[in-house]
Amino acid sequence: MVYADFVAQARAIERALGRYRESHTRDMDAFHQEIDKLDHLGVQVLLEGPLPVVSPSQELIRCAHRCIRPLRNSIGARERFGAESGECADAAEAVAEAGLVFTTEVRDFTETARRVLDDDSAGASPHP
């Protein structure tokens, strides 16, 4: 089911944000690839899902894209000022805040998808 794949990919982005915060990785290609996968799955949700899941899925994708800038800024601050600087700490905090917002969007999409699936199964009529 596309909802499960979409949520699993969103969770992969959550984990990637955590790894970037904890590591000294400077290459964001892998993070961009994770977001590209979410974009692809989002198209499937857009085409297959009923209207109630469309808006939350698109907001989740937009939120994933909004995580790029704070992450890039954090990597840049680490390179320019060093890991122990105040600028680096502020940038890392911005990544953490973006991650929390993203986690909230994942939860909101998941709850909406669950309601839609529950409504679908409740409305299904048993075969005689």
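In short, a report on the structure.

Basis of the calculations
- Residues numbered from 1 in each chain as written.
- Predicted model: local features only at pLDDT ≥ 70, side-chain atom pairs only at ≥ 80, totals over all residues.
- Heavy atoms only, no water.
- Helix = DSSP H or I, 4+ residues; strand = E, 2+ residues; numbered from the N terminus.
- Rg over C-alpha atoms; globule rule 2.2 N^0.38 Å.
- Buried < 20%, exposed > 50% of the residue type's maximum accessible area, 1.4 Å probe, protein only.
- Contact = heavy atoms within 4.5 Å.
- Patch = residues over 30% accessible without salt bridge, like charges linked within 9 Å, V, L, I, M, F, W, Y side chains within 5 Å.
- Areas by Shrake-Rupley, 256 points an atom, 1.4 Å probe, with all protein chains shown as cover.
- Salt bridge = Lys/Arg side-chain N within 4 Å of Asp/Glu carboxyl O.
- Lys, Arg positive; Asp, Glu negative; His and termini not counted.
- Charge placed at Lys NZ, Arg CZ, Asp CG, Glu CD.
- Axes fitted to C-alpha atoms, helices over the stretch in contact; angles between N-to-C directions.
- Parallel < 35°, antiparallel > 145°, perpendicular 65-115°, else oblique.
- Nonpolar A, V, L, I, M, F, W, Y, C, P; charged D, E, K, R; others polar.
- Phe/Tyr/Trp six-rings, centres within 6.5 Å; stacked < 30°, edge-to-face > 60°.
- Expected span 1.5 Å × (residues − 1).

1. Description of the overall build of the protein chain
Inference 1: The helix and strand inventory of the protein chain stands at 5 helices and 0 strands.
Inference 2: Scanning the protein chain from its N terminus toward the C terminus, one meets helices and strands in the order α-α-α-α-α.
Inference 3: Expected size for 128 residues packed as a compact globule is a radius of gyration near 14 Å; at 18 Å, the protein chain overshoots this value by more than 25%.
Inference 4: Overall, the protein chain is about 70 × 20 × 20 Å in size when its C-alpha atoms are taken along their principal axes.
Inference 5: Expressed as a percentage of the 128 residues in the protein chain, the buried residues total 41%.
Inference 6: Of the contacts made within the protein chain by residues no fewer than 6 positions apart, 74% connect residues no fewer than 24 positions apart.

2. Considering a negative patch on the surface
Inference 1: A cluster of acidic residues, E87, D90, E93 and E97, forms a negative patch at the surface.
Inference 2: Position of E87 among the secondary structure elements: in helix α5 (residues 86-123).
Inference 3: You can call E87 partly exposed: its relative accessible area is 42%.

3. Here's the deal with the environment of A8
Inference 1: With respect to the helices and strands, the residue A8 is situated in helix α1 (residues 2-22).
Inference 2: Residue class for A8 comes out partly exposed when judged on its relative accessible area of 44%.
Inference 3: Spatially, the C-alpha atom of A8 lies 9.7 Å from that of V106, the residues being 98 residues apart in sequence.

4. What to know about the packing of helix α2 (residues 29-48) against helix α3 (residues 51-66)
Inference 1: It is the contact of α2 with α3, at a shortest axis distance of 10 Å, that shows an interaxial angle of 170 degrees. Between α2 and α3, the angle falls in the class roughly antiparallel. Contact residues: I35, L38, D39, G42, V45 and L46 in α2; V53, V54, S57, Q58, L60, I61, A64 and H65 in α3.
Inference 2: Considering only residue class, the contact of α2 with α3 consists of 9 nonpolar, 4 polar and 1 charged.

5. Let's talk about the packing of aromatic side chains
Inference 1: Going through the model one piece at a time under the given rule, you end up with 2 aromatic pairs.
Inference 2: When the centroid spacing of 4.8 Å and the interplanar angle of 65 degrees are considered together, the rings of F6 and F109 count as edge-to-face. Taken together, the positions of F6 in helix α1 and F109 in helix α5 put the pair 103 residues apart, joining distant regions of the chain.
Inference 3: On the accessibility criterion, F109 (0% relative accessible area) is buried.

6. What to know about α3
Inference 1: Taking 1.5 Å as the rise per residue, α3 with 16 residues should run 22 Å; its terminal C-alpha atoms sit 23 Å apart, in good agreement.
Inference 2: Restricting attention to buried positions, one finds in α3 the residues V53, V54, P56, S57, L60, I61, C63 and A64.

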